[in-house]
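Below are the chains, spelled out letter by letter.
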Amino acid sequence: MTETWRATEKAHRREQYLKAAGHLFAERGYHAVSIDDLGTAVGVSGPALYRHFANKEAILVELLVDASERLLAGYEKTLEHGDTDLETLRDLISFHADFAVNERDVIRIQDRELASLPTESNHHVRQLQRRYLRGWQEIAARLRPDLDDANLEVRMHALFGILNSTPYNARLDDSTDVRAVLTETALAAVLGRLEPVVRS
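Residues numbered from 1 in each chain as written. Predicted model: local features only at pLDDT ≥ 70, side-chain atom pairs only at ≥ 80, totals over all residues. Heavy atoms only, no water.

### Details of the packing of aromatic side chains
Turning to step 1, where the next piece is worked out: Per the counting criterion, the structure on display carries five aromatic pairs.
Turning to step 2, where the next piece is worked out: Between Tyr-75 and Tyr-132, the ring centres sit 6.4 Å apart and the planes meet at 80°, which makes this aromatic pair edge-to-face. With Tyr-75 in helix α3 (residues 56–79) and Tyr-132 in helix α6 (residues 119–143), the pair connects residues that are 57 residues apart, well separated along the chain. Both residues of the pair, Tyr-75 and Tyr-132, belong to the buried class.
Turning to step 3, where the next piece is worked out: Plain terms: the ring middles of Tyr-132 and Phe-160 are 5.9 Å apart, the flat faces sit at 50° to each other, and that makes the pair tilted. Of the two residues, Tyr-132 is situated in helix α6 and Phe-160 in helix α7 (residues 149–163); the sequence distance between them amounts to 28 residues. Phe-160 matches Tyr-132 in its accessibility class, with the two residues each being buried.
Turning to step 4, where the next piece is worked out: Put simply, the rings of Tyr-75, Tyr-132, Trp-136 and Phe-160 pair up and form one aromatic cluster.
Turning to step 5, where the next piece is worked out: In this structure, Lys-56 is placed above the aromatic ring of Tyr-30, and the distance from its NZ or CZ to the ring centre is 4.3 Å. (Phe/Tyr/Trp six-rings, centres within 6.5 Å; stacked < 30°, edge-to-face > 60°. Helix = DSSP H or I, 4+ residues; strand = E, 2+ residues; numbered from the N terminus. Buried < 20%, exposed > 50% of the residue type's maximum accessible area, 1.4 Å probe, protein only. Lys NZ or Arg CZ within 6 Å of the ring centre and 35° of its normal.)

Here it is, written out as structure tokens:
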């Protein structure tokens with residue numbers, strides 16, 4: 001029982017450290033944040049973080065690898081529903097919009113700090129991202145058989161640009177139906193028209 005409690009507490013602290021690091025990396029940039037800055041943010045000495053992570057780089061690796069793995073897992077789970085391509089695309093956009101809204105720091109870090117990863121981790125993250133993008137693109141291609149590969153690729157980049165724009169929009173607040181706006185405009189980027197979004 002004691003060991004279980006300790007393991008739970010350790011996992012909770014680790015999660016706190018990752019969240020604090022994500023916020024600081026997003027706000028200041030990875031290279032501008034020291035291990036002491038990270039420790040101060042969670043109320044411990046910087047070296048105390050070494051009980052959980054080998055170094056600052058390991059924290060960045062975990063943040064970005066975890067984000068890409070969660071996105072790919074969400075994509076694969078969405079496909080299990082066996083819906084039509086249009087319903088699947090809507091569900092995927094809704095899923096990614098939720099991620100972008102709830103993980104704004106991670107989105108900003110992924111945009112700016114991917115090159116800061118060590119080579120092997122960088123390669124792994126890019127592989128995960130390619131699988132994620134390729135899956136979406138295959139669905140979009142079936143919905144828009146009139147588009148050639150180049151046109152479709154531009155539309156997919158536009159779609160993700162829309163979805164990942166959330167962290168940079170300072171005008172967003174709780175009164176804005178962010179997910180609906182993102183979903184409608186992202187669908188339009190692929191379909192070439194605005195589709196009504198059913199709100200639950």
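Alright, that's what it looks like, and here's the rest.
### Digging into helix α8 (residues 178–191)
Because an α-helix completes one turn every 3.6 residues, residues spaced three or four positions apart along the sequence face the same direction.
Turning to step 1, where the next piece is worked out: Here α8 contains 14 residues, and its C-alpha end-to-end distance of 20 Å stays within 8% of the 20 Å for a straight helix at 1.5 Å per residue.
Turning to step 2, where the next piece is worked out: Within the span of α8, buried status applies to Val-178, Ala-180, Leu-182, Thr-183, Ala-186, Leu-187, Ala-188, Ala-189, Val-190 and Leu-191.
Turning to step 3, where the next piece is worked out: The inward-facing, buried residues of α8 abut α4 (85–102), α6 and α7.
Turning to step 4, where the next piece is worked out: Just beyond α8, the residue with positive phi is Gly-192, at close to 80°. (Expected span 1.5 Å × (residues − 1). Contact = heavy atoms within 4.5 Å.)

### A closer look at the nonpolar core
Turning to step 1, where the next piece is worked out: In terms of nonpolar packing, the biggest core is built from 31 residues, with Ile-93, Trp-136, Leu-159 and Leu-163 touching the most fellow members.
Turning to step 2, where the next piece is worked out: When residues of this core are traced back to their parent elements, those giving at least two are α3, α4, α5 (104–113), α6, α7 and α8.
Turning to step 3, where the next piece is worked out: Each residue touching Ile-93, except ones within four places of it in the same chain, is listed here: Trp-136, Leu-159, Leu-163, Leu-182, Thr-183, Ala-186 and Leu-187.
Turning to step 4, where the next piece is worked out: Among the nonpolar cores identified, the runner-up in size contains 22 residues, and Ala-26, Leu-38, Phe-53 and Leu-114 belong to it. (Core = buried A, V, L, I, M, F, W, Y, C linked by side-chain atoms within 4.5 Å.)

### Quick notes on the layout of surface pockets
Turning to step 1, where the next piece is worked out: Looking at the largest pocket, its volume works out to about 430 Å³.
Turning to step 2, where the next piece is worked out: Contributions of two or more residues to the lining of the largest pocket are made by α3, α5, α6 and α7.
Turning to step 3, where the next piece is worked out: Residue contributions to the lining of the largest pocket peak at six residues, all from α6.
Turning to step 4, where the next piece is worked out: The residue makeup of the lining of the largest pocket, split by class, is eight nonpolar, six polar and three charged. (1 Å grid on protein atoms, 1.4 Å probe; cavity = no way out; pocket = protein on both sides within 12 Å on 5 of 7 lines; lining within 4 Å. Points joined across faces, edges and corners; volume = space filled by probe spheres on them. Nonpolar A, V, L, I, M, F, W, Y, C, P; charged D, E, K, R; others polar.)

### Considering the packing of α3 against α6
Turning to step 1, where the next piece is worked out: Relative to each other, α3 and α6 sit at 25°, their axes nearing to 10 Å. Classified by the angle between their axes, α3 and α6 sit roughly parallel to one another. The element α3 and its partner α6 pack so that their crossing is left-handed. Contacts between α3 and α6 involve Val-61, Leu-64, Val-65, Ser-68, Glu-69, Leu-71, Leu-72, Tyr-75, Glu-76 and Leu-79 on the former and, on the latter, Ser-121, His-124, Val-125, Leu-128, Gln-129, Arg-131, Tyr-132, Gly-135, Trp-136 and Ile-139.
Turning to step 2, where the next piece is worked out: Residues belonging to the contact of α3 with α6 are distributed by class as follows: twelve nonpolar, five polar and three charged. (Axes fitted to C-alpha atoms, helices over the stretch in contact; angles between N-to-C directions. Parallel < 35°, antiparallel > 145°, perpendicular 65-115°, else oblique. Left-handed = near helix turned anticlockwise from the far one by under 90°.)

Keep in mind that these numbers describe shape and distance, not what the molecule does.
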